[in-house]
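What the coordinates show
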Amino acid sequence: MNKIITCIDGSVVSDQVCAAACWSAKQLNKPVLLLHAIEKNHSPATEDLSGAIGLGARSSLLNEMAALDEQRSKVALSLGKEILAHSKALLVANGCHDVEKTQRHSGIVEAICALENDARLIIIGKSGQQHAGDFKTLGSHIEQIIRRVHTPILIANQSFKTPRSFMLAYDGRETADQAVQRIIEGGLLHDLTCHLVTVKNSAPNIEKKFQQTKELLTNSGFEVKASLLEGKIFDALMKYKESSGVNMLVMGAFSHSKLASIFLGSNTMEMIEQTEIPMIVLR
């Protein structure tokens, strides 16, 4: 796993995605692969219309549609090349020189899956091209990507700044322990202060496991600020996030625990939608 797959589409968050890629490349000492996917045109297929128009007009109209589709494809290809060139120049200007580019004629989910074997990290913007300026609207493919890939995913938003700290919600279950281990082994979050939090619950030995996790992270070189919270899970976590000024959220993906139901289960996308700081999703 050698490259930081960085998904760009020319939307208003593309430059912030590049900023996240530049930071990640320096943290991991890995090259960046800029990925632009040209989605398949969803206009009606010519064979679907061949029986719906008169015989006299059929041939000329279908030929015109084919010519328009060809022209649209050429424009999309040229635009994609410009987007890639702009993003590479931005990365190089910010000290990230090991940058590759690729353009795929496929959906973004399929393109990422095809490249995942050589991926160390995947970076994608919170708002896609179709939702420019609407930062509470998710790129339409984010949930599919989270569910289908097993590489860590960094979701950037409209204002990426070099993070100094991150918050990890811990619930004492196996998925949380796996996330902790990936943080320790991964390298991306090294040198950042870890805000380790949990909301008191009925899980057996939760406080003991929480303390053991704090010690594990501390012994692995992290500065850890550990807090046992009380109250409703969602409210307690969001209140802590706001009061502590953390720069990034880190979570495991799609667990089934009560705590995970806020961060990782069916409400994952709502959680991503509501936060204004970058988020890392671990599988």
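Conventions used here
- Residues numbered from 1 in each chain as written.
- Predicted model: local features only at pLDDT ≥ 70, side-chain atom pairs only at ≥ 80, totals over all residues.
- Heavy atoms only, no water.
- Helix = DSSP H or I, 4+ residues; strand = E, 2+ residues; numbered from the N terminus.
- Contact = heavy atoms within 4.5 Å.
- Polar contact = N/O pair within 3.5 Å; in protein donor to acceptor, adjacent residues only side chain to side chain.
- Buried < 20%, exposed > 50% of the residue type's maximum accessible area, 1.4 Å probe, protein only.
- Arc of directions from axis to C-beta.
- 1 Å grid on protein atoms, 1.4 Å probe; cavity = no way out; pocket = protein on both sides within 12 Å on 5 of 7 lines; lining within 4 Å.
- Points joined across faces, edges and corners; volume = space filled by probe spheres on them.
- Nonpolar A, V, L, I, M, F, W, Y, C, P; charged D, E, K, R; others polar.
- Disulfide = S-S within 2.5 Å.
- Phe/Tyr/Trp six-rings, centres within 6.5 Å; stacked < 30°, edge-to-face > 60°.

Okay, the environment of Thr-193 next. Inspection of the secondary structure assignment puts Thr-193 in strand β7 (residues 193-199). Considered as a pair, Thr-193 and Val-224 are 31 residues apart in the sequence and their alpha carbons are 6.0 Å apart. Leave out the neighbours within four places in its chain, and Thr-193 touches Arg-164, Ser-165, Phe-166, Glu-223 and Lys-225. Within polar-contact distance, the side chain of Thr-193 engages the side chain of Glu-223 at 3.2 Å.

Another point: helix α4 (residues 108-115). Taken together, the buried positions of α4 are occupied by Ile-108, Val-109, Ala-111, Ile-112 and Leu-115. Along the axis of α4, the buried residues cluster in a sector spanning 165 degrees; they form a single face. Along its buried surface, α4 packs onto β1 (3-7), β2 (32-37), β3 (99-104), β4 (119-125) and α5 (142-148).

Within the secondary structure layout, Glu-116 lies in the loop between α4 and β4. Accessibility expressed as a relative area gives 16% for Glu-116, which makes it buried. Among the polar contacts listed, one links the side chain of Glu-116 to the side chain of Thr-151, at a separation of 3.0 Å. Beyond its immediate sequence surroundings of up to four residues, Glu-116 is in contact with Arg-148, Val-149, His-150 and Thr-151.

The computed volume of the second largest pocket comes to approximately 220 Å³. As for the second largest pocket, its lining consists of 15 residues, of which Arg-120, Pro-152, Arg-182, Gly-186 and Leu-282 are closest to the centre. Those elements that place two or more of their residues in the lining of the second largest pocket are β4, α6 (174-186) and β10 (279-282). The biggest single contributor to the lining of the second largest pocket is α6, with 4 residues. Counted by class, the lining of the second largest pocket contains 10 nonpolar, 2 polar and 3 charged residues.

By the definition in use, this model includes 0 disulfides. Cysteine Cys-18 shares no disulfide, and the gap to the nearest cysteine sulfur, in Cys-22, comes to 9.0 Å. The class of Cys-18 is buried, set by a relative accessible area of 2%.

What follows deals with the packing of aromatic side chains. Scanning the model with the defined rule gives 3 aromatic pairs in all. Ring centres 6.0 Å apart and planes at 50 degrees place the aromatic pair Trp-23 and Phe-160 in the tilted group. Linking Trp-23 in helix α1 (residues 14-28) with Phe-160 in the loop between β5 (153-156) and β6 (165-169), this pair joins segments that are 137 residues apart in sequence. Comparing Trp-23 with Phe-160 shows no difference in burial state: the two are buried. Relative to Phe-222, the ring of Phe-166 has its centre 6.2 Å away and its plane inclined at 80 degrees; by these criteria the two rings are edge-to-face. Here Phe-166 is found in strand β6, whereas its partner Phe-222 is found in the loop between α7 (206-219) and β8 (224-229), with 56 residues between them in sequence. Across the pair, Phe-222 and Phe-166 agree in class, each one buried.

Coordinates in, geometry out; function isn't part of it.
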